[in-house]
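# Coordinate analysis (summary)
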Amino acid sequence: MSKDATYEVPIGPIHPALKEPFMVKFKLDGETIVDADPHPGMNHRGIEFMGMHRNPLKVIPLAERICGICSIVHQHMYTTAVEHAAGIEPTNRARYIRTIMCELERIHSHVLWAGVAAHEIGFDTHLHFTWKIREKVMDLLEEISGNRVNYSMWTVGGVRRDIPKKMYRRDFSPKMYPKIQNTLEYYEKLYGKLEDIFLGDPSIRLRTKNIGILTEKEALELCGVGPTVRASGVKKDVRIDQPYAAYGDLELDYVIPSRYGYENTGDVFSKTLVRLKEILQSIDLIRQCVQKMPDEDIDSEPKKAALLNKLKKADGEGIGRIEAPRGEALHYVRLKEGHEELDNWKVRASTYNNLATYAPMFLGEQIADIPIIAACIDPCIGCMDRAEIVDINTGEQTSYDHEELHEMSVRKTREILGDKL
Amino acid sequence: MKLSKTFDKALWVFHMNSGSCNACDIEIVAAITPRYDAERFGIKLVGSPRHADVLLFTGPVTKKMKDRILRVYEQTPDPKVVMIIGNCGSTTGVYYDSYAIEGPIDSLLPDDAHVLYVNGCPVRPENIINGVKEAWLYLEKIRGDDK
């Protein structure tokens, strides 16, 4: 490989369909990727700065707007960090409601991801199928919280809305929380089909097996988190390692491919497998929560003026750690006595860690595999709209937009299918 | 501005995120998937601004995205309508006091831009489809003025 043969391909920052502005620069040798260099910063909104100029309760709506797909995650981490700093305990029922909401969000996030992954390799039917079944959990989230996204459920000391036992007045079934149970049954019924599509389909297997490999050693060295590294066999899950909310009372185990008789290869296929199995795990966890949920108040600090006063007097620092659908994320909050605003607030989302794992996954792969590998860490930011190829020798530029890249990906699937037919 | 007759039959939209929280963006995608299925009205999400009739802008416009918003606006052929999806695009919303925000979007666009606001945080898919309907009515009005 001569140095002259290297091309640089910046991809991003605009994606027409899904993701936030983000850019990755790829160095190519022909069709093979030799280097990947992520350039974040297009979505910098200065949220931490704004948070430090508002009182702790006004920051909650801001915290959930860090990301619309994982708004529960950021609400949860922020409120637990403030509770930790001020020494406030949420009620037990609130802990269970928080757990149920977190797991419902995990189902919605993983189903959404499966659709995106299918779209990236050219199976739009599956995109529409998964997004159709995703609406069921969105309905339930809306039923509980009143909004499809950005739920505003959390508050310091508990949650703002209870889950009524008879969620449907017209439903006379003896079941507790019938709407939740019905939704879980719906997903259980459809799960087999999802697994057939994403694990059984031979053409999807060919596009995902042995692509974007992250070894266990690399996963540990680069500090990846969540399903991205669990697919490589790393046992890392905050829900088990440092239980929060009600996870300490529930039975759960690390979801890694070897538990289900697959190898811990760390390729796109294993990442798909881990995410699909986590949907089943979430269903199980919500069932356990519904059974164990105690009858109690949902908020330990119902008087918000008194709570604000208490937070003003509080002095200390707190940490909120959570296993988001994409992996571990963390909020740090410092409160200072006599200050109404937060003294310090630091947010670290899971994609930040996982971006580093792009480099070993992209190396040695083809351009047509960029979309699926970029999608396989489930980036919260990540864009494929416009790619420019700069020939270093002549300085000549050619552009790929998202559609052309997508077409290359689809063409590769067709070629693979053609070989088989 | 003269509109062609075919323009308001099937509106093609281009979506651009200028630094939003992703919520409006997934709701835009939800609007084209089977539950809401905006494609039955001829509304199609396209991958290039050069193919689009309507621009969907989300987000409060971060510093790095400001020039790109204007470039995308210029690349879109006339006649075009800009739909601003979400509260943070119309007023910068919860991000009003940030140092990194250049928005709202309409303050950056040229004075003669046709802008529609679709509010909500995030906007519901029904409201997005309703917004495109409003765009149709708006375009019909423009054509009426030209006659």
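Just so we're clear, the structure is a prediction, and the values are computed from it rather than from any experiment.

Right, let's talk about unusual backbone geometry for a bit. That bond from B:Cys121 to B:Pro122 is cis: its omega, -5°, falls within 30 degrees of zero. You can see B:Pro122 is positioned in the loop between β5 (115–118) and α4 (125–146). Positive phi, normally seen in glycine, also occurs at A:Cys223, with a value near 60°. By the secondary structure assignment, A:Cys223 is in the loop between α8 (216–221) and α9 (227–230). A positive phi angle, near 70°, is found at B:Thr92, a position not held by glycine.

We now examine the interface of chain B and chain A. Contacts between the two partners involve 35 residues from chain B, matched on the other side by 35 residues from chain A. Only β1 (12–17), α1 (23–32) and β2 (44–46) of chain B provide two or more residues apiece to the side of chain B that touches chain A. In terms of residues, the side of chain B that touches chain A owes the most to one element, α1(B), which gives six residues.

Residues and elements named next belong to chain B. Here five strands make up an open sheet; going across it, the order is β2-β1-β3-β4-β5 and the pairing parallel. Edge positions in the sheet fall to β2 and β5, since each has one partner strand and no second. Averaged over all adjacent pairs, the angle separating strand axes in this sheet is 30°, with direction ignored. Note that β1 and β2 share three bridges and pair parallel. Counterpart to Trp12 in the pairing with β2 is Lys44.

Next up on the list: the environment of A:Pro164. Note that A:Pro164 resides in the loop between β5 (158–159) and α6 (178–200). Expressed as a C-alpha distance, the spacing of A:Pro164 and A:Val347, which sit 183 residues apart in the sequence, is 33 Å.

What follows concerns the confidence of the model for chain B. Residue and element names in this part refer to chain B. Scored by pLDDT, chain B comes out at a mean of 81, with 90% of its residues at no less than 70. By mean pLDDT, α4 is the weakest element of chain B at 76, and β5 is the strongest at 89. As scored by the predictor, the complex reaches a pTM of 0.85 and an ipTM of 0.84.

What follows covers the environment of A:Ala368. Residue and element names in this part refer to chain A. Note that Ala368 resides in the loop between α14 (358–362) and α15 (370–376). Separated by 73 residues in the primary sequence, Ala368 and Asp295 place their C-alpha atoms 54 Å from one another. The contact partners of Ala368, leaving out residues within four places of it in the chain, are Met408, Ser409 and Lys412.

With that settled, consider the domain arrangement of chain A. Residues and elements named next belong to chain A. With domains assigned, chain A is organised as domain 1 (3–42 + 355–420) and domain 2 (47–345). On the side of domain 2, 24 residues touch domain 1, which itself brings 20 residues to the contact. Where the side of domain 1 that touches domain 2 is concerned, the elements lending two or more residues are α14, α15 and α16 (402–420). Partitioning the side of domain 1 that touches domain 2 into residue classes produces 14 nonpolar, three polar and three charged.

By size, the foremost hydrophobic cluster in this structure holds 153 residues, and its most contacted members are A:Ala117, B:Val54, B:Leu55, B:Leu56, B:Phe57, B:Met83 and B:Ile85. Taken domain by domain, this core gets at least three of its residues from each of domain 1 (3–42 + 355–420) and domain 2 (47–345) of chain A. Residues contacting B:Phe57, with those up to four places away along its chain left out, are B:Met16, B:Ser18, B:Ile69, B:Val82, B:Ile84, B:Ile85, B:Gly89 and B:Ile105.

Attention now goes to the pairing of strand β6 (residues 316–324) of chain A. Residue and element names in this part refer to chain A. Alignment of β6 against strand β7 (residues 327–335), held across nine bridges, turns out to be antiparallel. By the bridge assignment, Ala324 is partnered in β7 with Gly327. Connecting β6 to the antiparallel partner β7 that follows it, the hairpin turn spans two residues.

Criteria and cut-off values
- Residues numbered from 1 in each chain as written.
- Chains lettered and ligands numbered in written order.
- Predicted model: local features only at pLDDT ≥ 70, side-chain atom pairs only at ≥ 80, totals over all residues.
- Helix = DSSP H or I, 4+ residues; strand = E, 2+ residues; numbered from the N terminus.
- Contact = placed C-beta atoms within 7 Å.
- Pairing = 2+ DSSP bridges.
- Axes fitted to C-alpha atoms, helices over the stretch in contact; angles between N-to-C directions.
- pLDDT = per-residue confidence, 0-100.
- Domains from an automatic or database assignment.
- Nonpolar A, V, L, I, M, F, W, Y, C, P; charged D, E, K, R; others polar.
- Core = buried A, V, L, I, M, F, W, Y, C linked by C-beta atoms within 7 Å.
- Buried ≥ 20, exposed ≤ 12 C-beta atoms within 10 Å, placed from the backbone.

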